[in-house]
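# Structural features, examined
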Amino acid sequence: MFMRIDHIGIACKDIEEKIAFFSETFELTVVAREVNEEQGVKEAMLRISDGEGGGSYIQLLEPLSEDSPVGKFLAKRGEGVHHVAFGVPDVAQAMAKINEKGVRLLDERPRHGSMGSEIAFLHPKDVGGMLTELVQAPKP
Ligand code: CMX
Ligand code: CO
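Residues numbered from 1 in each chain as written. Chains lettered and ligands numbered in written order. Predicted model: local features only at pLDDT ≥ 70, side-chain atom pairs only at ≥ 80, totals over all residues. Heavy atoms only, no water.

## Considerations on the pattern of salt bridges
Note that side chains of opposite charge can pair when their charged atoms are close. Stated precisely, the cut-off is as follows: By salt bridge we mean one thing: a side-chain nitrogen of Lys or Arg within 4 Å of a carboxyl oxygen of Asp or Glu. Helix and strand definitions follow DSSP, with helices as H or I runs of at least four residues and strands as E runs of at least two, each counted in order from the N terminus. Buried residues are those whose accessible area, probed at 1.4 Å on protein chains only, stays under 20% of the maximum for their type, while exposed residues exceed 50% and partly exposed ones sit between those limits.
All told, the structure shown has nine salt bridges when counted by the stated rule. Residue K18 is joined to E79 by a salt bridge in which the shortest nitrogen-to-oxygen separation is 3.6 Å. With a gap of 61 residues between them, K18 in helix 1 (residues 15-26) and E79 in the loop between helix 2 (69-77) and strand 5 (80-87) connect regions that are remote in the sequence. A salt bridge links R47 to D50; its shortest N-O distance comes to 3.7 Å. A relative accessible area of 35% means that R47 is categorised as partly exposed. By relative accessible area, which is 59% here, D50 ends up exposed. Three or more residues are tied together by salt bridges with common partners; here these are E17, K18 and E79.

In structure tokens, the structure reads:
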């Protein structure tokens, strides 16, 4: 079901500062920057590698408001790893299969993610404390 780690999502207070740190320290390139109102975030994708079914990235996330998922996370836990995203061939199919095993879905249907992807989240409490995202890369 999982083809790759698509990205690691990192919650930060100041995305510009973290972009500078990650790109300079690890020699990573920012390949996309977006504001996703639906998810309540300002985000940047830094490419690690390319792959046939999609690449892998670090995703930096700054909340748009305190009551957004990332805003609440920052207030409770501070900066750091917020979620892990796995690449799947078909997000709707993966959601159905995973839900059958008793894992709660946080989305009823796939939503829009970074760079034209389709995404869905699984409840962290059902995945050993790890907020998990499923990502279907856009068709080339
Ligand atoms: N990782 C692990 N555990 C988390 C978590 C995270 N990122 N966020 C919350 N939790 C835990 C909390 O610690 C809390 O546990 P305790 O009750 O033991 O303290 C529990 O989950 C409930 O947390 P909460 O602070 O009360 O927050 P909510 O239940 O309101 O929301 C969640 C949590 C996961 C349902 C919500 O953040 C969500 O729907 N997330 C999915 C969407 C998202 O995160 N979007 C931003 C990223 C966008 C992108 O990647 O493109
Ligand atoms: Co993400």
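## Focus: unusual backbone geometry
Look at E27: it is not a glycine, yet its phi comes out positive at around 55°. Of note, E27 is situated in the loop between helix 1 and strand 2 (29-36). In the Ramachandran plot, M115 falls in the positive-phi region, its phi being about 55° despite a non-glycine side chain. For M115, the location among the structural elements is in the loop between strand 6 (111-112) and strand 7 (118-122). The partly exposed category is assigned to M115, whose relative accessible area is 29%.

## Quick notes on the coordination of the cobalt ion (ligand 2)
By definition of the ideal shapes, a tetrahedral metal site with four donors has angles of 109.5 degrees and an octahedral site with six donors has angles of 90 or 180 degrees. So the rule is basically this: Donor atoms (N, O, S) are those found within 2.8 Å of the metal centre, with the cutoff raised to 3.2 Å for Na, K and Ca; water is not part of the atom list, so apparent gaps in a site can occur.
All of the protein donors around the cobalt ion (ligand 2) are H7 (NE2), Q59 (OE1), H83 (NE2) and E133 (OE); their distances to the metal are 2.1 Å. Each donor residue of the cobalt ion (ligand 2) lies on one chain, and together they are spaced H-x51-Q-x23-H-x49-E. Of this pair, H7 sits in strand 1 (residues 4-11) while Q59 is found in strand 4 (residues 56-63), placing the two residues 52 residues apart along the sequence. The pair H7 / Q59 is uniform in exposure class, with both members buried.

## Observations regarding the site of ligand 1
The criterion, for reference: We call a residue near a given molecule or strand whenever any one of its heavy atoms falls within 4 Å of it. We define a polar contact as two N or O atoms separated by no more than 3.5 Å, with the added condition that, inside protein, one atom must be a possible hydrogen donor and the other a possible acceptor, whereas residues neighbouring each other in sequence contribute only through side-chain atom pairs. The protein chains shown are the only cover counted for residues, whose accessible areas, like all others here, come from Shrake-Rupley with a 1.4 Å probe. Under the scheme applied, nonpolar residues are Ala, Val, Leu, Ile, Met, Phe, Trp, Tyr, Cys and Pro; charged residues are Asp, Glu, Lys and Arg; polar residues are all the others, including Gly.
Near ligand 1 lie 18 residues; those nearest to it are Q39, K72, R77, H82 and K125. A distance of 2.9 Å separates an oxygen atom of ligand 1 from a polar atom in the side chain of R77. Measuring from a nitrogen atom of ligand 1, one finds a backbone N or O atom of H82 at 2.9 Å. Across the complex, the protein chains shield 73% of the 970 Å² of accessible surface that ligand 1 would expose by itself. Elements represented by at least two residues in the shell around ligand 1 include exactly helix 2 and strand 5. Examining the composition of the shell around ligand 1, we find that six residues originate from one element, helix 2, more than from any other. Looking at the shell around ligand 1 residue by residue, the classes come out as seven nonpolar, five polar and six charged.

## A closer look at a positive patch on the surface
Stated precisely, the cut-off is as follows: Only residues above 30% relative accessible area that lack a salt bridge enter a patch, with like-charged residues linked at up to 9 Å and the nonpolar side chains Val, Leu, Ile, Met, Phe, Trp and Tyr linked at up to 5 Å. Asp and Glu are treated as the negative residues and Lys and Arg as the positive ones, with His and the ends of the chain left uncounted. Charged side chains are reduced to one point each, which is NZ for Lys, CZ for Arg, CG for Asp and CD for Glu.
Together, K72, K76, R77 and K125 make up a region of like positive charge exposed at the surface. Take R77: it is sitting in helix 2.

## Quick look at the side chain of Q59
Basically, it comes down to this: Should any heavy atoms of two residues lie within 4.5 Å, those residues are counted as being in contact.
Since its relative accessible area comes to 4%, Q59 is described here as buried. A polar side-chain atom of Q59 sits 3.0 Å from a polar atom in the side chain of S114. If near-sequence neighbours (up to four positions away) are discounted, Q59 is found in contact with H7, I8, G9, I10, E43, A44, M45, H83, S114 and E133.

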